[in-house]
Amino acid sequence: MRLLDPATPLAVTLDWGEGRRLPVGRLAFDRGRALFEADPAYLASGLDLSAGSYPPRPGIIRAQTDRFEGLHGLFADSLPDSWGRLLLNRRAARHGITTARLTPLDRLAGIGELGIGALTFRPAMEPEAAPDGGIDLPTLARDALHLLAGEEAPSLALLQRLGGSPGGARPKVLVGLDGAGALVHGEQVLPPGFTHWIVKFPAGEDMEDIGPVETAYMEMARQAGLRVPDFKLITAPDGPGFFAARRFDRDGAVRIHVQSLCAILEAPPGLTLIGYRELLLATRQVTRDAGEVKEAFRRAVFNLLAHNRDDHAKQHSFIMDQSGRWRLSPVYDLTFASGPGGEHQMDFAGEARQPGPADLNRLADLADVPRPFVRQVVQQVLDITARWPAIAEAAGVTKTSAAQITAGLERAARPFRKG
């Protein structure tokens, strides 16, 4: 593993897959801020990969803020979050490199061509050598817990190969999965019959049955009319199994460009000024589609009534097709969560602790969402969350977890059932 020469810029490319590539530009770093120079081909394409936060133009475009370690939000979205960062830190330590020496550009080079979405970065760090044998999920899950605890893990190289790029705190791996349940390494081009999936492992603070819980939550979201990816629970010989979702940034060998709400608003997840109002207004501006705004509102209602309070701005994303058209991505990272201090990370027209009907109505009015649609969606989601015990049992959620979640769902629904 070698760090980038500070004088060497990163070449950024939009890789659609199947040999179709668009040079985007060059990325450098100076005095704590990233500098970007667009490639003429990108300028001529008519595309705006940032959905408005950094419209392409000739000349040097300096990052607006240091909130993303000095990167533009457009490129910071490709950085790994805590799990992928931990893997890269461990890899650096093996080579005698302290984490303080890793710049944001080094981390992008560590992602190289293996990141989420369609942006790639060169020169890329060569991946660690890893065994080409079978993938044993229980072993990887056990070793992931060792790594989170600061211990050594025999599967570190394989975990780095399979899971260095996805964001989020929970350990996960990128794999190819076929209809019979066979697993292969999740490179861009998979063998015939395989598709791209993310498989998630529990972290130390998670419920023991977090896999079944997330599976049940995704099923509730599906029944509530949200746009969900294909998903399943992968069974394990011992234990409750692992939640898996089909990747929405891949369609066969085709790669799909993704930007989170964080990137588009140039605001990291911990910034409390981002609420559902900002999500709805950004959805209107980015997609120019009233139907997508209604979809975003449906997600707000679901997160409220399903007691998913880990609903920060990194948990909402947009995808762009090759013509430049944007829409909301399928939902992801849905689960029961109490949030910081028991509050939603994204507020509902100013209310985050116990949002009620008046807060939802104010939110809807701010984004021109019709009141009849509000009532319809609220009732639909209430009907679905009332089915939680049966959905949980079908997914294999333990009685202890199911009862804990039932209590949370009842608290969230109480303001909507008065009178």
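Up top you'll find the structure we're talking about.
Source: prediction; values computed, not measured.

K.L.:
Would you mind going over the nonpolar core with me for this structure?
P.N.:
One recurring pattern in soluble globular proteins is that nonpolar side chains are buried together. One finds L27, Y217, F297, F302 and W388 to be the most contacted residues of the largest nonpolar core, which totals 95 residues. The element best represented in this core is helix α10 (residues 290-305), accounting for 8 residues. Residues within four places of W388 in sequence aside, it is in contact with A216, Y217, M220, V397, A402, I405, T406 and L409.

K.L.:
Just to check I follow, could you spell out the pairing of strand β10 (residues 242-246) for this structure?
P.N.:
When a strand is regular, its side chains alternate between the sheet's two faces. Of all the 5 residues making up β10, 4 are buried; the element is thus mostly covered by neighbouring parts of the structure. Relative to β10, strand β8 (residues 194-200) runs antiparallel, the two sharing 3 bridges. Residue pairing for β10: I198 is matched across the bridge by A245. Note that strand β9 (residues 231-234) and β10 share 4 bridges and pair antiparallel. If you follow F231 over to β10, its bridge partner there is A245.

K.L.:
Sorry if this is basic, but what is going on with the environment of R91 here?
P.N.:
With respect to the element layout, R91 can be found in helix α3 (residues 82-94). Its relative accessible area of 7% is what places R91 among the buried residues. Taking the C-alpha atoms as reference points, R91 and L156, separated by 65 residues in sequence, lie 8.5 Å from one another.

K.L.:
I keep staring at helix α5 (residues 137-148) and nothing clicks. Help me out?
P.N.:
One turn of an α-helix holds 3.6 residues; hence residues three or four places apart share an orientation. Given a rise of 1.5 Å per residue, 12 residues ought to cover 16 Å, and the 16 Å separating the end C-alpha atoms of α5 matches this to within 8%. Among the residues of α5, those classed as buried are L137, L140, A141, D143, A144 and L147. A positive backbone phi angle near 85° is found at G150, which sits one or two residues after α5.

K.L.:
Mind showing me how you'd approach the sheet that holds strand β5 (residues 119-122) here?
P.N.:
By way of backbone hydrogen bonds, the strands of a sheet pair with one another, either parallel or antiparallel. One open sheet accounts for 5 strands, arranged β4-β3-β2-β1-β5; its pairing is antiparallel. Looking at strand neighbours, the two that pair on one side only are β4 (60-62) and β5, the edges of this open sheet. Across the sheet, the axes of successive neighbouring strands diverge by a mean angle of 30°, strand direction being ignored. Sheet topology note: the strand β1 (residues 10-17)/β5 ladder contains 4 bridges and is antiparallel. Across the sheet, the residue bridging to A11 is R122, located in β5. Most of the contacts of helix α4 (residues 104-111) go to strand β2 (residues 20-30), to which it runs at about 155°, and overall it touches β1, β2 and β5.

K.L.:
Got a minute to help me understand the pairing of strand β14 (residues 317-320) in this structure?
P.N.:
Residues of β14 alternate between two faces, with S317 and I319 on one and F318 and M320 on the opposite face, all of them buried. Bridging between strand β13 (residues 257-260) and β14 involves 4 bridges; their strand directions are antiparallel. Among the inter-strand pairings, Q259 is bridged to a residue of β14, identified as F318. Note: β14 against strand β15 (residues 326-328), 3 bridges, orientation antiparallel. Of the residues in β15, the one forming a bridge with M320 is W326. Remark: 5 residues form the turn of the hairpin made by β14 and β15, two consecutive strands paired antiparallel; G324 in that turn has positive phi of roughly 95°.

Thresholds, definitions, all that
- Residues numbered from 1 in each chain as written.
- Predicted model: local features only at pLDDT ≥ 70, side-chain atom pairs only at ≥ 80, totals over all residues.
- Heavy atoms only, no water.
- Core = buried A, V, L, I, M, F, W, Y, C linked by side-chain atoms within 4.5 Å.
- Buried < 20%, exposed > 50% of the residue type's maximum accessible area, 1.4 Å probe, protein only.
- Helix = DSSP H or I, 4+ residues; strand = E, 2+ residues; numbered from the N terminus.
- Contact = heavy atoms within 4.5 Å.
- Pairing = 2+ DSSP bridges.
- Expected span 1.5 Å × (residues − 1).
- Axes fitted to C-alpha atoms, helices over the stretch in contact; angles between N-to-C directions.

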